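A closer look at the structure
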Amino acid sequence: VRMTASYLKTHNIGDVKKDFSLLKVRGHRENIINPFSTDEVNSILNTMENSDNYDIRDLAIVLLAYDTGLRWCDIKDLKFEDIDWKNGLVSIMQKKTKKPVTLPLSGKTMNAIADYILKERPKSDFREVFLTKKGLPKPLKRGFRILEKASRESGVDIIKRRKFHSLRRTYATEMSGADIPLETISQML
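These numbers were taken from a predicted model, which means no experiment stands behind them.

Quick notes on the rules
- Numbers given for residues are sequential positions, taken from 1 along each chain in its written order.
- Only residues with pLDDT of at least 70 get local features here, since the model is predicted, and only at 80 or more are side-chain atom pairs given and counted; chain-wide, interface and lining totals rely on the full set of residues.
- Each side-chain value is derived from all of the structure's non-hydrogen atoms; neither hydrogens nor water enter the calculation.
- Salt bridges are identified by distance alone: a Lys or Arg side-chain nitrogen within 4 Å of an Asp or Glu carboxyl oxygen.
- The secondary structure listing takes helices from DSSP runs of H or I that are at least 4 residues long and strands from runs of E that are at least 2 residues long, numbered from the N terminus.
- Each residue gets one of three labels from its accessible area relative to the maximum for its type: buried under 20%, exposed over 50%, partly exposed in between, using a 1.4 Å probe on protein chains only.
- Should DSSP find at least two bridges between two strands, the strands are taken to pair.
- Centre distance within 6.5 Å is the pairing criterion for rings of Phe, Tyr and Trp, where only the six-membered ring of Trp is used; planes under 30 degrees apart are then read as stacked, over 60 as edge-to-face, and the remainder as tilted.
- A ring has a charge above it when a Lys NZ or an Arg CZ is no more than 6 Å from the ring centre and no more than 35 degrees off the ring normal.
- Candidate patch residues must exceed 30% relative accessible area and have no salt bridge, after which like charges are joined if within 9 Å and Val, Leu, Ile, Met, Phe, Trp or Tyr side chains if within 5 Å.
- With residues, only the protein chains shown are counted as cover, and all accessible areas are computed by Shrake-Rupley using a 1.4 Å probe.
- As used throughout, the charge tally considers Lys and Arg to be positive and Asp and Glu to be negative, leaving His and the chain termini uncounted.
- All charge positions are set by atom: Lys at NZ, Arg at CZ, Asp at CG, Glu at CD.
- Confidence per residue, as judged by the predictor, is encoded in pLDDT with a range of 0 to 100.
- Here the nonpolar core consists of buried residues drawn from Ala, Val, Leu, Ile, Met, Phe, Trp, Tyr and Cys, with membership extended through side-chain atoms lying within 4.5 Å.
- Expected span, for any helix, means 1.5 Å times one less than how many residues it has.

Details of the pattern of salt bridges
Considering all chains together, one arrives at 10 salt bridges under this definition. A salt bridge links lysine 133 to aspartate 58, with the shortest nitrogen-to-oxygen separation between them at 3.3 Å. Of this pair, lysine 133 sits in the loop between helix H5 (107-120) and helix H6 (146-154) while aspartate 58 sits in helix H3 (residues 56-68), and the two are 75 residues apart along the sequence. Classification of lysine 133 as partly exposed rests on a relative accessible area of 47%.

Structure, rendered in structure tokens:
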């Protein structure tokens, strides 16, 4: 509030009459969870691509999260009909916001998903793309913990609370660094 009021006053936007300069935050202050850097993501992906500890599904999931900024809940529920292979797009109704979003897919991500479907995905009538590996195949339910293991193996610092969702922050940070307008980033997220 204090920073916003200061900005509005400095740029003569609106009619801010209150002085928020003495406003203090009560309680403990939460630190911002840093996103992964591009180098860290590349190191993680390189580890996953060159190690027998990860399968094609796990690599495809991490690439999809990094490439699109999708939430875990949307990735685990991704269905075949959500992917437009011809135009390189993924279109979903976001589970959290109930808003539709269509995002571009890189060739690398599309290839990883296709490799998983063609080479590793168990035969099943489920429409979800990503299925469990153990037991009878079924849609994924639980959280995705492979990223922490790959981070550790690739020498990427394990930072408290920086987990799978941080790939979404990385996606937004990289778009911001590419001077994409904030409104566009907001719509894509």
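Continuing now.
Things to note about the pairing of strand E2 (residues 89-93)
Side-chain alternation along E2 places Val90 and Ile92 on a buried face and Leu89, Ser91 and Met93 on a face that remains uncovered. Strand direction decides the pairing type here: strand E1 (residues 83-84) and E2, joined by 2 bridges, are antiparallel. Each residue of the ladder has a partner; that of isoleucine 83, found in E2, is valine 90. Taking the residues that link successive antiparallel strands as the turn, the E1-E2 hairpin has 4 residues, and the phi of glycine 88 there is positive, at about 65 degrees. Sheet analysis places E2 next to strand E3 (residues 100-104), joined by 5 bridges and oriented antiparallel. Looking at the pairing, valine 90 lines up with leucine 103 of E3. Count of turn residues in the E2/E3 antiparallel hairpin: 6 residues, of which lysine 98 carries a positive phi of about 60 degrees.

Brief notes about the packing of aromatic side chains
All chains considered together, the criterion is met by 1 aromatic pair. The ring of tyrosine 54 is capped by lysine 149, whose NZ or CZ atom sits 5.3 Å from the centre of that ring.

Observations regarding unusual backbone geometry
For lysine 98, which is not glycine, the phi dihedral falls at a positive 60 degrees. Looking at the element boundaries, lysine 98 is found in the loop between E2 and E3. Assessed through its relative accessible area of 59%, lysine 98 is described here as exposed.

Some remarks on the sheet that holds E3
Spatial ordering of the open sheet is given by E1-E2-E3, a layout of 3 strands whose pairing is antiparallel. Two strands close off the open sheet at either side, each with one partner strand: E1 and E3.

Looking at a positive patch on the surface
On the surface, Lys138, Lys141, Arg142 and Arg145 cluster together into a positively charged patch. With respect to the helices, strands and loops of the structure, arginine 142 is situated in the loop between H5 and H6.

A closer look at the confidence of the model for the chain
Here the chain averages 85 in pLDDT, while 88% of its residues score no lower than 70. Ranking the elements of the chain by mean pLDDT puts helix H1 (residues 2-10) last with 69 and E1 first with 97.

Focus: the nonpolar core
Core analysis: the largest hydrophobic core is formed by 43 residues, its most contacted members being Met48, Ile61, Ile75, Leu78, Phe130, Phe164 and Leu167. At the level of elements, helix H2 (38-49), H3, helix H4 (72-76), E2, E3, H5, H6 and helix H7 (166-177) are the ones that each hand at least two residues to this core. Looking at this core element by element, the count peaks at 8 residues for H3.

A few points about H3
The terminal C-alpha atoms of H3, which comprises 13 residues, lie 18 Å apart, in line with the 18 Å expected from a rise of 1.5 Å per residue. Among the 13 residues of H3, 11 are classified as buried, and the element is accordingly described as predominantly covered. Regarding H3, the residues found buried are Arg57, Asp58, Leu59, Ala60, Ile61, Val62, Leu63, Leu64, Ala65, Tyr66 and Thr68. Glycine 69, located one to two residues past H3, shows a positive phi value of around 75 degrees.

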